Protein chains: 2
Amino acid sequence: MPVKALDALPPGSTIGILGGGQLGRMLAAAAARLGFHTHIYCPDAGGPAAEVAGTQTQAAYDDLEALHRFTKTCDVVTYEFENVPAMSARTAANAGLLRPNAKALDVAQDRLTEKTFIRDEAGVAVADFRAVDNIHDARRAVRHMGLPAVIKTRRFGYDGKGQAVIRAEADLETAFQSLPKDAPCIVEAFVPFRREVSIVAARGADGSHASYPLIENVHKNHILHTSTIPAPNTSAALSARAAELAFKIMDKLDYIGVMATEFFELEDGTLIVNEIAPRVHNSGHWTQDAGCVDQFELHIRAIAGWPLGSTVPLLDVVMTNLIGDDANKVTSLAALPGTFIHLYGKNEAREGRKMGHVNQVKLKT
Amino acid sequence: MPVKALDALPPGSTIGILGGGQLGRMLAAAAARLGFHTHIYCPDAGGPAAEVAGTQTQAAYDDLEALHRFTKTCDVVTYEFENVPAMSARTAANAGLLRPNAKALDVAQDRLTEKTFIRDEAGVAVADFRAVDNIHDARRAVRHMGLPAVIKTRRFGYDGKGQAVIRAEADLETAFQSLPKDAPCIVEAFVPFRREVSIVAARGADGSHASYPLIENVHKNHILHTSTIPAPNTSAALSARAAELAFKIMDKLDYIGVMATEFFELEDGTLIVNEIAPRVHNSGHWTQDAGCVDQFELHIRAIAGWPLGSTVPLLDVVMTNLIGDDANKVTSLAALPGTFIHLYGKNEAREGRKMGHVNQVKLKT
């Protein structure tokens, strides 16, 4: 279902957001700056996004009637996480209001569909992979592809959940049993990468492109720890090449909005796509304090049919996530010059939970 | 009534804001970034601030019961405009929660009290002034002080409303009649200024000081048009001298929060205080995109007992207000690099109404 051709939405229009977490919160804040109302749809009362949005519908994602009522109040509908049920998104898509489109959501929700699409339709390199539905498939796959390899559930994985590394064939049974029972999986060849980098880019309603420079990401316990801009020891050519790969994928999806593409960079500079996220992304949070249009506003501009604006950072930034108890130290962090605090308003600092982030800024040298 | 000694308020605390306009909106956005809840108190449904705040009490400013209920939900209460009735503020002040304190509000609400305080208690220069209650007083005042002079209502003036210039004694009657009937007034000597400048500064809960550099302001039809940072042709010494004058006033008021001080700069560099605003201020909006803690967050940090953080801008900025129909051109402004749009979510673009502002940024040279 194609999206309706929209003129630039005027201030005062309403942007619907499926999902009520921190990404929705920061999208709502950006939308308010541009004079838009926001309407959050999510099953939980309150929550990070609803706290700063004009309107909230609290209803289950499979409540079709609530979804219809919600969609009717919106001039455009977007989503803040890729695991929003396809059916929820379809109500908005059927009304011609969903940006990015349902195809982007379908592709990103399933690792098999995602990797197949990226390799075969967009023509962009991914690690070797095979669908596996049981341990026999998995054994065949690792024998064929070699070890080490990574086994992952096809759906609902995030922050390292739903995956296991296989270093020897003997690990296979334990690895398989650590995953949800009977979940369809894929086995991916392990990529001997030099580092993890990402591109956060937007495609406008008119097909225009904008990308921030290449971002270097460091993970801790499978959760993003820091994003650094500019990525150290990175040529402009590498950064441009990564952006081109992201644009190829976005063009093939007829994508509107911000999309993140995570890459492995090999020793020889080859870029292999690890995964895409059809939304604003944790590795783009540094944009809030870099002297350019931030990724949240960039997404809102794109889905509202506005000009994308400048994605060239004027300042250098290191973003560090505040996980669990890290959030307790914010008042001391607040004393450091050039330190910008962004908390998500979550009540409970559970272990491994993203509570906020800090952007440490310096003048470009 | 002294404010309660508060430790640094932890994220999750609630900040109450009396008033629901654009300053409240931007304060609420800053508070959310630091993980605070906000509770807006104002007589109007919806409005710029309530749209982005977690909670709103819609009640009249003289509804003491509603004010009590409101105050009980808050860990600290602040105000976003100086004409909030003293009684409304007193409920929060009596609970020891009002920041800045009621004294600051009293002083700023009445031009006579304000100028007397600044001159006699803080020892900072203001233009010569006299209280006038009728045309006979006014005639005596201008004969004594000389012409030109300006007659202003003591209370409720803003954006040039409630004032008239007197160039000849013959103007006096017309001038007096243009003002609200029987309103107590003052006559001020006209200051032959070179330009208008302002200082936006904060005083922390521990008495610490922070100030942005001197800001150059240009008005159009008595409404702020542009604020430029750094102020052109301005020595660091002049900027520091202006900040010291602001700090003197704030110290005398035992002030906590952000205060703006507007000055006339004379040809010889003398600084004369025009007025103070016990709140964040239109001439400080450029701070949102300058690579330092912005004035809204600075105010929240101060009233929450947090460290004030850095007020040194890393970028140069020109802020331009969007008045009335100016707001219609935002989508074309959005295409310009380095242009940051801030709209207030007001439905109706009436003539002379502040609809938003634009910050035009460049790297410091």
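Please refer to the structure placed before this passage.
Residues numbered from 1 in each chain as written. Chains lettered and ligands numbered in written order. Predicted model: local features only at pLDDT ≥ 70, side-chain atom pairs only at ≥ 80, totals over all residues. Heavy atoms only, no water.

Right, let's talk about the overall build of chain A for a bit. Counting its secondary structure elements, chain A contains 10 helices and 17 strands. Rg of the C-alpha trace for chain A: 20 Å, near the compact-globule value of 21 Å for 365 residues, within the 12% margin. Across its three principal directions, the C-alpha atoms of chain A cover 60 × 50 × 40 Å. Taking all 365 residues of chain A together, the buried fraction comes to 59%. Taking the intrachain contacts of chain A between residues at least 6 apart in sequence as the baseline, contacts between residues at least 24 apart amount to 62%. Counting every atom, chain A has about 14300 Å² of accessible surface; 51% of that belongs to carbon and sulfur. Distance between charge centroids for chain A: 1 Å, based on 37 positive and 42 negative side chains. (Helix = DSSP H or I, 4+ residues; strand = E, 2+ residues; numbered from the N terminus. Rg over C-alpha atoms; globule rule 2.2 N^0.38 Å. Buried < 20%, exposed > 50% of the residue type's maximum accessible area, 1.4 Å probe, protein only. Contact = heavy atoms within 4.5 Å. Areas by Shrake-Rupley, 256 points an atom, 1.4 Å probe, with all protein chains shown as cover. Lys, Arg positive; Asp, Glu negative; His and termini not counted. Charge placed at Lys NZ, Arg CZ, Asp CG, Glu CD.)

As a further point, take the interface of chain A and chain B. Across the contact, 39 residues belong to chain A and 38 residues belong to chain B. Between chain A and chain B, a total of about 3000 Å² is buried, with carbon and sulfur atoms accounting for 65% of that surface. Taken together, chain A and chain B are joined by 10 residue pairs in polar contact (both at pLDDT 80 or more). Secondary structure elements with two or more residues in the side of chain A that touches chain B: α1 (22–33), β2 (37–42), α10 (330–333), β16 (339–343) and β17 (354–363) of chain A. In terms of residue count, the dominant contributor to the side of chain A that touches chain B is β16(A) (5 residues). Its residues placed into classes, the side of chain A that touches chain B shows 22 nonpolar, 13 polar and 4 charged. (Buried area = accessible area lost by both parts, 1.4 Å probe. Polar contact = N/O pair within 3.5 Å; in protein donor to acceptor, adjacent residues only side chain to side chain. Nonpolar A, V, L, I, M, F, W, Y, C, P; charged D, E, K, R; others polar.)

Residue and element names in this part refer to chain A. With 12 residues, α1 should cover 16 Å at 1.5 Å per step; its first-to-last C-alpha distance of 17 Å lies within 8% of that length. Taking burial as the measure, the 12 residues of α1 include 10 buried ones, the bulk of the element. Within α1, the full set of buried residues consists of Q22, L23, G24, R25, M26, L27, A28, A30, A31 and A32. Of the residues trailing α1, G35 is marked for its positive phi of about 85°. (Expected span 1.5 Å × (residues − 1).)

All names here are of chain B. Of the residues making up helix α6 (residues 135–145), those classed as buried are I135, D137, A138, A141, V142 and M145. Seen along its axis, α6 keeps its buried residues to an arc of 150°; they face one direction. Across α6 from its buried face, at more than 90 degrees, point the exposed residues H136, R140, R143 and H144. Buried residues belonging to α6 abut β5 (129–132), β6 (149–153), β7 (163–166), α7 (172–178) and β8 (185–189). For α6, the N-terminal capping position is held by N134, with its side-chain oxygen 3.0 Å away from the main-chain nitrogen of H136. Among the residues trailing α6, G146 stands out with phi positive, at a value near 90°. (Arc of directions from axis to C-beta.)

Residue and element names in this part refer to chain B. For strand β12 (residues 223–229), the tally of buried residues reaches 6 of 7 residues, placing the bulk of the element in the interior. As judged from the 5 bridges shared by strand β11 (residues 215–220) and β12, these two strands associate in the antiparallel manner. Looking across to β12, one finds that V218 is bridged to T226. Counted along the chain from β11 to the antiparallel partner β12, the turn is 2 residues long, and its residue N221 has a positive phi close to 50°. Pairing analysis gives 4 bridges linking β12 to strand β15 (residues 315–323), with the strands arranged antiparallel. Looking at β15, one finds that S227 is bridged to M319. (Pairing = 2+ DSSP bridges.)

Here the bond from A:R99 into A:P100 is cis, since omega is -5°, no more than 30 degrees from zero. One non-glycine residue, A:N221, lies in positive phi territory at about 50°. Residue classification places A:N221 among the exposed residues on the basis of a relative accessible area of 70%. Non-glycine residue B:D182 carries a positive phi angle of around 65°. Topologically, B:D182 is positioned in the loop between α7 and β8. Taking the relative accessible area as the measure of exposure, B:D182 reaches 68% and is therefore exposed.

With that out of the way, let us pick up the pattern of salt bridges. Counted by the stated rule, this structure contains 38 salt bridges over all chains. Residue A:E265 is joined to A:R194 by a salt bridge in which the shortest nitrogen-to-oxygen separation is 3.3 Å. One end of the pair, A:E265, is in strand β13 (residues 257–266); the other, A:R194, is in strand β9 (residues 193–203), and 71 residues separate them in sequence. Taking relative accessible area as the criterion, A:R194 reaches 37% and is therefore assigned partly exposed. Here B:D254 ties to B:R203 by a salt bridge, and the two come within 3.3 Å at their closest N and O atoms. Here B:R203 lies in strand β9 (residues 195–203) and B:D254 lies in the loop between α8 (236–253) and β13 (257–265), a separation of 51 residues in the sequence. Here the residues in one salt-bridge network are A:R33, A:D294, A:E297 and A:R301, joined through shared partners. (Salt bridge = Lys/Arg side-chain N within 4 Å of Asp/Glu carboxyl O.)

Attention now moves to the packing of helix α4 (residues 102–109) of chain A against helix α5 (residues 111–121) of chain A. Residues and elements named next belong to chain A. Where α4 contacts α5, the axes come no closer than 5 Å and their chain directions differ by 110°. Relative to α5, the element α4 lies roughly perpendicular. Contacts from K103, D106, V107, A108 and Q109 of α4 reach α5 at R111, T113, E114, F117 and E121. Split by residue class, the contact of α4 with α5 holds 3 nonpolar, 2 polar and 5 charged. (Axes fitted to C-alpha atoms, helices over the stretch in contact; angles between N-to-C directions. Parallel < 35°, antiparallel > 145°, perpendicular 65-115°, else oblique.)

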